[in-house]
Amino acid sequence: MLLATIDRTGRVNIKLRDRYFRVTGGRIEATCPRCGVLHVLAERDLA
């Protein structure tokens, strides 16, 4: 199941199974549910 919300600033919050993703502009952040480390993927990394 995919659950997503968007706030007034344009930030998108996505919950996919046990992971949470935050998308702001060209930056994607995900917090690892096992170790709690914040992983950041910039738009340039997607190309």
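Residues numbered from 1 in each chain as written. Predicted model: local features only at pLDDT ≥ 70, side-chain atom pairs only at ≥ 80, totals over all residues. Heavy atoms only, no water.

Okay, the side chain of Arg22 next. Topologically, Arg22 is positioned in strand β3 (residues 19-24). A polar atom in the side chain of Arg22 sits 3.3 Å from the side chain of Thr31. (Helix = DSSP H or I, 4+ residues; strand = E, 2+ residues; numbered from the N terminus. Polar contact = N/O pair within 3.5 Å; in protein donor to acceptor, adjacent residues only side chain to side chain.)

What follows is about the pairing of strand β2 (residues 12-16). Pairing analysis gives five bridges linking strand β1 (residues 2-6) to β2, with the strands arranged antiparallel. Across the sheet, residue Thr5 finds its bridge partner in β2, namely Asn13. Between β1 and the antiparallel strand that follows it, β2, lie five residues; Gly10 among them carries a positive phi value of about 95°. The turn linking β2 back onto β3 is made up of two residues, and Arg17 within it adopts a positive phi angle of 55°. (Pairing = 2+ DSSP bridges.)

The next thing to look at is the pattern of salt bridges. Where charged atoms of side chains with opposite charge meet at close range, the side chains can pair. Counted by the stated rule, this structure contains two salt bridges. In this structure, Glu29 engages Arg22 in a salt bridge whose closest nitrogen and oxygen atoms are separated by 3.3 Å. For Glu29, a relative accessible area of 17% corresponds to the buried category. Of the charged contacts, one joins Glu29 and Arg27 as a salt bridge, the two residues approaching to 2.9 Å between their closest N and O atoms. (Salt bridge = Lys/Arg side-chain N within 4 Å of Asp/Glu carboxyl O. Buried < 20%, exposed > 50% of the residue type's maximum accessible area, 1.4 Å probe, protein only.)

What follows concerns the confidence of the model for the protein. Counting all residues, the mean pLDDT for the protein is 83, and 85% of those residues have values of 70 or more. Confidence scores differ between elements of the protein, with helix α1 (residues 43-46) showing the lowest mean pLDDT of 59 and β2 the highest of 89. (pLDDT = per-residue confidence, 0-100.)

With respect to the element layout, Glu29 can be found in strand β4 (residues 27-31). Within the structure, the side chain of Glu29 is placed 2.9 Å from the side chain of Arg27, a separation counted as a polar contact.

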